[in-house]
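# Observations on the model geometry
Here are the chains, one letter per residue:
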Amino acid sequence: MPDQHNHPESQLQFSDETLKLIATLTAQYPDGKQKSALLRVLHLAQLEFGWLSAPVMDYVARLLHIQPVEVYEVATFYSMYDTKPVGKVKLEVCRTGPCMIEGAEKIVSYIEQKLGIKDGETTADGRFTLKTVECLGACGYAPMMQVGEHYHEHLTEEKIDRFIADNA
Amino acid sequence: MKRKLLIDKAGVPGIASYEVYRREGGYRSVEKALKSMSPDDVVEEVKKSGLRGRGGAGFPTGMKWSFLAKPEGVPRYLLCNADESEPGTFKDRYLMEHIPHLLIEGMIVSSYALGANTSYIYIRGEYMWILHILERAIAEAYQAGWLGKNIMGSGYNLDLHVTPGAGAYICGEETALIESLEGKRGNPRIKPPFPAVKGLWGCPTVVNNVETIAAVVPIVNDGGDEYAKIGIGRSTGTKLISACGNIQKPGVYEIELGLSVEEFLYSDEYCGGMKNGKQLKACVPGGSSVPILPHFLVTKTAQGESRLMSYESLADGGFQTGSMLGSGGFIVYDEDQCIVRNTWNFTRFYHHESCGQCSPCREGTGWMEKVLHRLEYGHGKQEDIDLLWDIQAKIEGNTICPLGDAAAWPVASAIRHFREEFEWHVNESKLSQQRNYGRVSEKTFVNATA
Ligand SMILES: Cc1cc2nc3c(=O)[nH]c(=O)nc-3n(C[C@H](O)[C@H](O)[C@H](O)COP(=O)(O)O)c2cc1C
Ligand code: SF4
Ligand code: FES
């Protein structure tokens, strides 16, 4: 597995399992429309390589037979993609209205203090990144944060403490 | 009797699996449609039902379907809009998470009605775990012969796939969704041409919300006329409402359209009233984009009539004293909440989510965010309030897609109904700066100006 921060061209290769999945995904679109799989493939790339560096995006472009610039355009437009290195664990706390009125701002400050970082930063050990995000469709279970594919709802300071201890 | 047509069975153990779903009567509508109805018969039932799009705009679904162009030899597509990113809205998630086969079943009958042989569900990237749930359900449906070639010996073929977005509210707009599904940035297209003529890969396309597509299942099962008996006037059928904010029981509820707002907000069956014994201050009844209503216009219209959960009643009074049913995202504010802070927060959201193609939207949302920020933090001037009013008026109606309007309405309605509160932020700048996260402890603002 290539390390989180460098993606030497030669080591860039999806796992066999992911390559198989990508073949299935591209087959879901008519001939010549394989670009439609791009968003999903970028999610897979981020999962496997940590973040979307230029070599990663070039690799994805080659796989889908499109120009690198078509990948860069998409990777920079959508907020879920990281085009800069991030920590191993990314805490994405919702900051939008319904979460705000249930105390999202306090949760963010609490995490900032606890980890000694600000919104958008990564801890020195490269472990945690904090990012505020917009409504994630959990407004009735606020405040909330997303970590990977998991939603952590009805957040409290105790829950944050426990989560950080478990993932340190 | 209160009927539930969509999520009644959401609590049945194992309902997410094909086996249980089928045992509970699932996929009957596909059997019925493919065996005994022509595609046009299905469209006809949907027209009779009076079903209106549940994604926010409320456009009659049957009519939308009948606009679909059908040129010879060109594929047609049905796209399900599962982008669900409107703040306050989390109903589609509930449906897909708990009863995924209902959406798959709806996709099959709807695709059959439209003559689509390949259909896609576009789901917001953050719902990746729901994408996996849907993928499992789709695989089960293929296995059981509800998808694929020659479904039930009818000669009808359908492939169904699910594909993610990656964090962009704008991709809920139908033409942006199509761009995104083509693997591009989510920039809305200029209309016309409408998707019904030129949509996905230039082919005729229908885009419908998750809940709209799910509602086709009971419509086909029981007939459009039966469906139309539920509800009130042109608001037929049931609607999923996601309720949040300062209420006792936030969550997703299926209501019969026409239920009174009073009952929805205060009865134990639904929201259960205000939390912590606080007073109601305001309500945004249909997702962040719709106008905010001050407390005295929530359960009653300006005429003093009881306000109902319906397209017409929530809009009664127009933008002066009404709002909209929108996506069904029902956000409730108690007396401690600061309207200026909430408006600033929403405006920041729209600025963040603007795709940047049109200058009134791109610049206007940024400008409004700045002005609202300085007002909220006690550095604003009296003129800023009029400035805000001017900016929102210049955005509305002057953009490629409705995100511009969606950004303007919350600002306009907040100033219209809560001007005194904006003025308080100017006149009491010290107090305004000292508040803890913008909370107001005084009851100063409960009485909004009419
Ligand atoms: C900025 C913006 C965001 C939207 N987001 C959504 C969404 O998340 N889900 C949805 O179903 N419709 C959304 N819509 C409405 C769609 O453009 C479209 O009207 C809808 O999907 C049509 O389906 P329906 O007729 O079944 O409601 C959005 C519209 C705009 C302008
Ligand atoms: S109104 Fe805003 S979001 Fe819509 S196309 Fe224009 S800039 Fe993009
Ligand atoms: S506002 Fe936070 S999930 Fe909707």
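Residues numbered from 1 in each chain as written. Chains lettered and ligands numbered in written order. Predicted model: local features only at pLDDT ≥ 70, side-chain atom pairs only at ≥ 80, totals over all residues. Heavy atoms only, no water.

### Here's the deal with the nonpolar core
Residues and elements named next belong to chain B.
- In this structure, Leu103 and Ile104 are the most contacted members of the largest nonpolar core, which totals 159 residues.
- Setting aside chain neighbours within four positions, we find Leu103 in contact with Cys80, Leu95, Met96, Ile121, Leu134, Val210 and Ile213.
- Ile247, Ile255, Tyr270 and Cys271 belong to the second largest nonpolar core, which has 24 residues in total. (Core = buried A, V, L, I, M, F, W, Y, C linked by side-chain atoms within 4.5 Å. Buried < 20%, exposed > 50% of the residue type's maximum accessible area, 1.4 Å probe, protein only. Contact = heavy atoms within 4.5 Å.)

### Concerning the site of ligand 1
All names here are of chain B.
- The local shell around ligand 1 holds 18 residues, among which Gly55, Asn81, Asn208, Asn209 and Thr212 are the closest.
- Between ligand 1 and Thr212 there is a distance of 2.7 Å, counted from an oxygen atom to a side-chain nitrogen or oxygen.
- When the free accessible area of ligand 1 is taken as 610 Å², the share hidden by the protein chains comes to 89%.
- When atom positions are compared with the pocket grids, ligand 1 is found to occupy the largest pocket. (Near = heavy atom within 4 Å. Polar contact = N/O pair within 3.5 Å; in protein donor to acceptor, adjacent residues only side chain to side chain. Areas by Shrake-Rupley, 256 points an atom, 1.4 Å probe, with all protein chains shown as cover. 1 Å grid on protein atoms, 1.4 Å probe; cavity = no way out; pocket = protein on both sides within 12 Å on 5 of 7 lines; lining within 4 Å. Sits in = over half its atoms within 2 Å of the grid points.)

### Topic: the packing of helix H6 (residues 104-115) of chain A against helix H7 (residues 157-167) of chain A
All names here are of chain A.
- Running from N to C, H6 and H7 point in directions that differ by 35 degrees, and their axes come no closer than 10 Å. Where H6 crosses over H7, the handedness of that crossing is right-handed. Here Ile107, Tyr110, Ile111, Lys114 and Leu115 of H6 lie close against H7, whose contacting residues are Glu157, Ile160, Asp161 and Ile164.
- Taken together, the residues that form the contact of H6 with H7 break down as six nonpolar, no polar and three charged. (Axes fitted to C-alpha atoms, helices over the stretch in contact; angles between N-to-C directions. Helix = DSSP H or I, 4+ residues; strand = E, 2+ residues; numbered from the N terminus. Left-handed = near helix turned anticlockwise from the far one by under 90°. Nonpolar A, V, L, I, M, F, W, Y, C, P; charged D, E, K, R; others polar.)

### Re the domain arrangement of chain B
Residue and element names in this part refer to chain B.
- In terms of domain boundaries, chain B breaks down into domain 1 (18-229), domain 2 (233-334) and domain 3 (339-449).
- Each partner contributes to the interface: domain 2 provides 18 residues, whereas domain 3 provides 20 residues.
- Together domain 2 and domain 3 conceal approximately 1,600 Å² of surface at their shared face, both sides included; 62% is due to carbon and sulfur atoms.
- Broken down residue by residue, the surface that domain 2 buries against domain 3 is led by Lys281, Ile292 and Phe319, which jointly contribute 35%.
- On inspection of domain 2 and its partner domain 3, the count reaches six residue pairs in polar contact (both at pLDDT 80 or more).
- If you list the elements that add at least two residues to the side of domain 2 that touches domain 3, you get strand E9 (280-284), helix H13 (318-321) and strand E11 (329-334). (Domains from an automatic or database assignment. Buried area = accessible area lost by both parts, 1.4 Å probe.)

### Side note on the sheet that holds strand E8 (residues 251-256) of chain B
All names here are of chain B.
- Read from one edge of the open sheet, five strands run E8-E7-E11-E9-E10, paired in mixed fashion. Edge positions in the sheet fall to E8 and strand E10 (293-294), since each has one partner strand and no second.
- With four bridges connecting them, E9 and E11 associate as antiparallel partners. Bridge pairing in E11 links Leu280 to Asp334. (Pairing = 2+ DSSP bridges.)

### Considering helix H17 (residues 403-427) of chain B
- The largest bend in H17(B) amounts to roughly 90 degrees and is located at B:Phe418.
- Within H17(B), 20 of the 25 residues are buried, leaving the element largely enclosed by the surrounding structure. (Bend = angle between axes of the 7 residues up to and from the residue.)

### Some details on the interface of chain B and chain A
- Across the boundary between the two partners, chain B contributes 61 residues, which contact 40 residues of chain A.
- Where chain B abuts chain A, roughly 4,100 Å² becomes buried across the two surfaces, and 56% of that area is made up of carbon and sulfur atoms.
- The tally of links from chain B across to chain A stands at four salt bridges.
- In this structure, the salt-bridge partner of B:Arg341 is A:Glu105, at a minimum N-O distance of 2.5 Å.
- Summed over the shared surface of chain B and chain A, the result is 20 residue pairs in polar contact (both at pLDDT 80 or more).
- If you list the elements that add at least two residues to the side of chain B that touches chain A, you get strand E2 (118-123), helix H7 (128-143), strand E3 (159-164), helix H8 (174-181), strand E7 (238-245), E11 and helix H14 (339-353) of chain B.
- Classifying every residue of the side of chain B that touches chain A gives 28 nonpolar, 20 polar and 13 charged. (Salt bridge = Lys/Arg side-chain N within 4 Å of Asp/Glu carboxyl O.)

### Focus: the sheet that holds E2(B)
Residues and elements named next belong to chain B.
- Taken in spatial order, the four strands line up as E3-E2-E1-E4 in an open sheet, and their pairing is parallel. Edge positions in the open sheet fall to E3 and strand E4 (205-209), since each of these has one partner strand only. Put simply, the sheet's adjacent strands are angled 20 degrees from each other on average, direction ignored.
- For strand E1 (residues 77-82) and E2, the ladder comprises six bridges, and the chain directions are parallel. Paired with Ala82 across the two strands is Ile123, which belongs to E2.

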